[in-house]
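In case you want the letters, here they are:
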Amino acid sequence: MKLTHYRRTGSVYSVDNGLLKFTVMKARDISEILSDIATLLELKGDNPFKIRAYEQGARIVEGLGDQLEPLVREGRLHEHKGIGPALSEKITELVTTGRLAYYDELRKEFPATIFDLLNIPGLGPKRVRLLYQKLGVRSLGELEYACVENRLLTLDGFGEKSQAKILDGIQQLKRHQGRFLFSDAMEAAEGLIAALRQSPEVIRISLAGSLRRRKETAKDIDLLVSSGSPAAVMARFVALPGVADVIAHGETKSSIRLSSGLQADLRVVSDTEFPYALHHFTGSKEHNTALRGLAKSLGLKMNEYGLFRGEELVPCATEADIFAALGMDEIPPELRENLGEIEAAQARQLPELITESDIQGVFHAHTTESDGRHSLEEMVKAAKALGYRYLGISDHSRSAHYANGLSIERVRAQHNAIDEIQQRHPEITIFKGIESDILADGSLDYPDEVLNSFDFVIASVHSRFGMTEDDMTARVIKAISHPAVTILGHPTGRLLISRDAYPLNLTRVLEAAKAHHVAVELNANPHRLDLDWRFCKDARDRGVRLSINPDAHSTEGLSDTRYGVGVARKGWLKRADVFNTQSADQMRQTLAAKKTR
DNA sequence: GCCGTTTTCGGCCCGACTGTTTTCAGTCG
């Protein structure tokens, strides 16, 4: 069963088979609580800088993952910039007792369902508090009812338009959860950019916002244009095909909603302002805040229109010039999260991030033999066309009935088929593999002699997600301890927007992966993007190599590798940190060496 | 609540747009 969240129930206990069990607080839970505290303080109208401190604390804790508990135990939390005595004490209380008195007190002031109201565009903490205190509105349902009854009109600062906009926002929220996959948002963004490029008034155009930073999900699309006639660009933007709704239409800034429900914002500036604005609208908010603070300490003022010394503009033609003016190397958009990139750029120690062309070949491809849409040879041809030097075929194993997993006889037949197709396509090396289910007890899905007949084995969890963390961790570690295993597949099992990761102690899994020379998959399927970018650095520091795998179920799916490269970049990975940047010859040796270990 | 080669106290980034306002607060990024 699913973990019962503290934030919703006020309890760290969950009911499993009728028994009350203690649930260990994970960094993720603690991060959510700190984030909730920030929201509650906002609702109370507390000091904005205190709120920011809690938000920053939440992000730091999230990134720590399973390292959090040892840090607390060793009393070393405060070593992280942004965690001071108060946060350190509260995090320690959460880790050691599973509760936080301060949080419990704060929560008594507002019903938990009030958080939902903040997801409505145009509703922030101030107005939500007013709705709660004056109208007693506690939930989305109650708010909708209050709108229908025209009761919002009685409040100061609310009029007809606000009420209609809120009602519309509730409908939107009901239809989508307000988040979209990176791949879907990116596709829509590319369409908008191509359409706007047609416009003669557009000088420069770029993607900005979280999509440019390659966050795994997006709330909206941010676009930036430079032009001498902003009004004309705006008029064109709000009239583009596919626009369902115009949310805002100003002189330099407009927002539309596409028929998919996705919102897109366009900002237009002069061409001189473009680099400054591009940096500004790429964010993140936290990165910008930190960088502006730094600029200020250098006697400069930074905003979307420029970098100023007094009244005088510091001329910059590109983002790189801006970073140079601030005394640092250019920070790639993916790293702009205020998670150490500014300090690294100042020290000239930013990593040279991996690029798509560094990927020499890919593993994890399914064919019609299990649940893929294209045949073995079609997949091989497609991989060759993409310029890959090798392709690792890995259909599902025999226990995966739902996916037509391969019996031992069918494994042998596929190996013969690969030998035959290999002869017809000598330019690309086909590696024989399998995506073996990790069974509930941690064993693999075939006898050893069959496992040893593959060039590589990906071991993945596809069932029994409801285990305890200890059991799941033991299960995965047992699987990757098997000498035949080359790669741990989609390590946390999450599906973005729709399914949480299963409970797992990732630190212990990464340690085991290192010990047994197993690569960990960075599954590039846009629904997964698993391993999460937040944990890539940790894996790298432990000496674990990540394998960027498309998990392709069709020839088109092979191209998903690019999303994985995006995640790897966001996770600070270099070429050498990634398993499948090896040449075909190196890879053949690596796989052979693994088998004889 | 955090932080400190100006500081252990007093700072902490900045501007556009909207709606409801006669001058601005709230929201958003």
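Residues numbered from 1 in each chain as written. Chains lettered and ligands numbered in written order. Predicted model: local features only at pLDDT ≥ 70, side-chain atom pairs only at ≥ 80, totals over all residues. Heavy atoms only, no water.

> Summarise the pairing of strand 6 (residues 220-227); cite the residues concerned and give the values.
In terms of residue burial, strand 6 counts as a mostly covered element, since eight of its eight residues are buried. Residue alternation in strand 6 divides its side chains into two sets, Asp-220, Asp-222, Leu-224 and Ser-226 and Ile-221, Leu-223, Val-225 and Ser-227, and both sets are buried. Across six bridges, strand 4 (residues 202-208) lies against strand 6 in antiparallel orientation. Along strand 6, the bridge assignment pairs Ile-205 with Val-225. Relative to strand 9 (residues 263-269), strand 6 is paired through seven bridges, and the arrangement is parallel. Across the sheet, residue Asp-222 finds its bridge partner in strand 9, namely Asp-265. (Buried < 20%, exposed > 50% of the residue type's maximum accessible area, 1.4 Å probe, protein only. Helix = DSSP H or I, 4+ residues; strand = E, 2+ residues; numbered from the N terminus. Pairing = 2+ DSSP bridges.)

> Tell me what's going on with the protein's contact with DNA strand B, and back it up with residues and numbers.
Close contacts around DNA strand B come from 45 residues, with Gly-82, Gly-84, Gly-159, Arg-292 and Lys-296 the closest. Within 4 Å of the protein, the contacting atoms of DNA strand B are drawn from sugar and phosphate to the extent of 78%. One of the backbone nitrogen or oxygen atoms of Glu-160 is found 3.3 Å away from a phosphate oxygen of DNA strand B. At 2.4 Å, a side-chain N or O of Lys-296 approaches a phosphate oxygen of DNA strand B. Broken down by element, the surface near DNA strand B gets its largest block of residues, five residues, from helix 3 (residues 48-64). (Near = heavy atom within 4 Å. Polar contact = N/O pair within 3.5 Å; in protein donor to acceptor, adjacent residues only side chain to side chain.)

> Give a description of the environment of Ser-226 that names residues and reports values.
Tracing the backbone shows Ser-226 in strand 6. A residue is classified by how much of its surface remains accessible, and Ser-226, at 0% relative accessible area, is buried. Considering only alpha carbons, one finds Ser-226 and Val-202, 24 residues apart in sequence, at a separation of 6.2 Å. Setting aside chain neighbours within four positions, we find Ser-226 in contact with Glu-201, Val-202, Ile-203, Arg-204, Val-269, Ser-270, Asp-271 and Phe-274. Within the local environment of Ser-226, its side chain forms a polar contact with the side chain of Asp-271, the two groups lying 2.6 Å apart. (Contact = heavy atoms within 4.5 Å.)

> How would you sum up the sheet that holds strand 4? Please name residues and give values.
Read across the sheet, five strands follow the order 4-6-9-8-7 without closing on themselves; strand pairing throughout is mixed. Each edge of the open sheet carries a strand with a single partner, namely strand 4 and strand 7 (243-249). Recorded for the sheet is a direction-independent mean angle of 20° between the axes of neighbouring strands. Direction of pairing for strand 7 relative to strand 8 (residues 253-258): antiparallel, over a ladder of five bridges. Along strand 8, the bridge assignment pairs Val-243 with Leu-258. Strands in contact with helix 13 (residues 274-282) are strand 4, strand 6 and strand 9; relative to strand 4, the strand with the most contacts, it is inclined by about 20°. (Axes fitted to C-alpha atoms, helices over the stretch in contact; angles between N-to-C directions.)

> Break down helix 7 (residues 125-135) for me, citing the residues and quoting the values.
Looking at helix 7, one finds that the buried residues are Pro-125, Val-128 and Leu-131. Seen end-on, helix 7 carries its buried residues on one side only, within an arc spanning 125°. Helix 7 presents Lys-126, Gln-133 and Lys-134 as exposed residues on the side facing more than 90 degrees away from its buried surface. Among the structural elements, helix 2 (27-44) and helix 8 (140-148) are those in contact with the buried residues of helix 7. Two residues or fewer past helix 7, Gly-136 is found with a positive phi of approximately 70°. (Arc of directions from axis to C-beta.)

> Just give me the short version of the environment of Gly-242, but keep the residues and values in it.
Within the secondary structure, Gly-242 sits in the loop between helix 12 (230-238) and strand 7. As for Gly-242 and Leu-192, which are separated by 50 residues in sequence, their C-alpha atoms are 9.4 Å apart. When near neighbours in sequence (up to four residues on either side) are disregarded, Gly-242 contacts Arg-257, Leu-258 and Ser-259.

> Tell me what's going on with the side chain of Asp-395, and back it up with residues and numbers.
One can find Asp-395 in strand 14 (residues 390-396). At 2.7 Å, the side chain of Asp-395 forms a polar contact with the side chain of Thr-367. Of the polar contacts made by the side chain of Asp-395, one reaches the side chain of Gln-414; its length is 2.8 Å. Leaving out residues up to four positions away in the same chain, Asp-395 has contacts with Ala-365, His-366, Thr-367, Glu-369, Ser-370, Leu-406, Gln-414, Gly-433, Ile-434 and Glu-435.

> How would you explain the domain arrangement of chain A if you had to name every residue and give the values?
Splitting chain A by domain gives domain 1 (6-107), domain 2 (112-175), domain 3 (180-269), domain 4 (277-346) and domain 5 (356-595). Each of domain 1 and domain 5 has a C-alpha centre, and these two points are 34 Å apart. Counting residues at the interface gives seven residues for domain 1, matched by ten residues for domain 5. Taken together, the two surfaces of domain 1 and domain 5 that pack against each other cover about 640 Å², and 41% of this comes from carbon and sulfur. For the interface between domain 1 and domain 5, the tally reads two salt bridges. (Domains from an automatic or database assignment. Buried area = accessible area lost by both parts, 1.4 Å probe. Salt bridge = Lys/Arg side-chain N within 4 Å of Asp/Glu carboxyl O.)

> Break down the layout of surface pockets for me, with residues and values.
Here the idea is plain: a probe the size of a water molecule rolls over the atoms and shows the empty space left. Put simply, the second largest pocket is a space of about 290 Å³. Forming the walls of the second largest pocket are 15 residues, and the residues nearest its centre are His-517, Val-518, Arg-545, Phe-579 and Thr-590. Looking at the lining of the second largest pocket, the elements with two or more residues in it are helix 21 (506-515) and helix 24 (584-595). Of all the elements, helix 24 adds the most residues to the lining of the second largest pocket, at four residues. Broken down by class, the residue content of the lining of the second largest pocket amounts to seven nonpolar, four polar and four charged. (1 Å grid on protein atoms, 1.4 Å probe; cavity = no way out; pocket = protein on both sides within 12 Å on 5 of 7 lines; lining within 4 Å. Points joined across faces, edges and corners; volume = space filled by probe spheres on them. Nonpolar A, V, L, I, M, F, W, Y, C, P; charged D, E, K, R; others polar.)

> Account for the sheet that holds strand 10 (residues 301-303), naming residues and giving values.
Pairing is antiparallel across the open sheet formed by three strands, whose spatial order is 10-11-12. Single-partner strands in this sheet number two, and they are strand 10 and strand 12 (312-313). As defined by bridge partners, strand 11 (residues 306-309) adjoins strand 12 across two bridges and the pair is classed as antiparallel. Bridge pairing links Phe-308 to Leu-313 in strand 12. Each of strand 10, strand 11 and strand 12 is contacted by helix 13, which is oriented at about 75° to strand 10, the strand it contacts most.

> Give a description of empty space enclosed by the protein that names residues and reports values.
Across all of its chains, the model carries three cavities of 30 Å³ or more by this definition. Every residue along the wall of the largest cavity is listed here: Tyr-276, His-279, His-280, Asn-288, Leu-291, Arg-292, Met-302, Asn-303, Leu-307 and Ile-322. Listing elements by their share of the lining of the largest cavity, those giving two or more residues are helix 13, helix 14 (285-297) and strand 10. A breakdown of the residues in the lining of the largest cavity according to their chemical character gives five nonpolar, four polar and one charged.

> Provide a residue-level description of helix 13, including the pertinent values.
With respect to burial, helix 13 is a largely interior element, eight of its nine residues being buried. Among all positions of helix 13, only Phe-274, Pro-275, Tyr-276, Ala-277, Leu-278, His-279, His-280 and Thr-282 are buried. Immediately beyond the C-terminal end of helix 13, within one or two residues, lies Gly-283, with a positive phi of roughly 70°.

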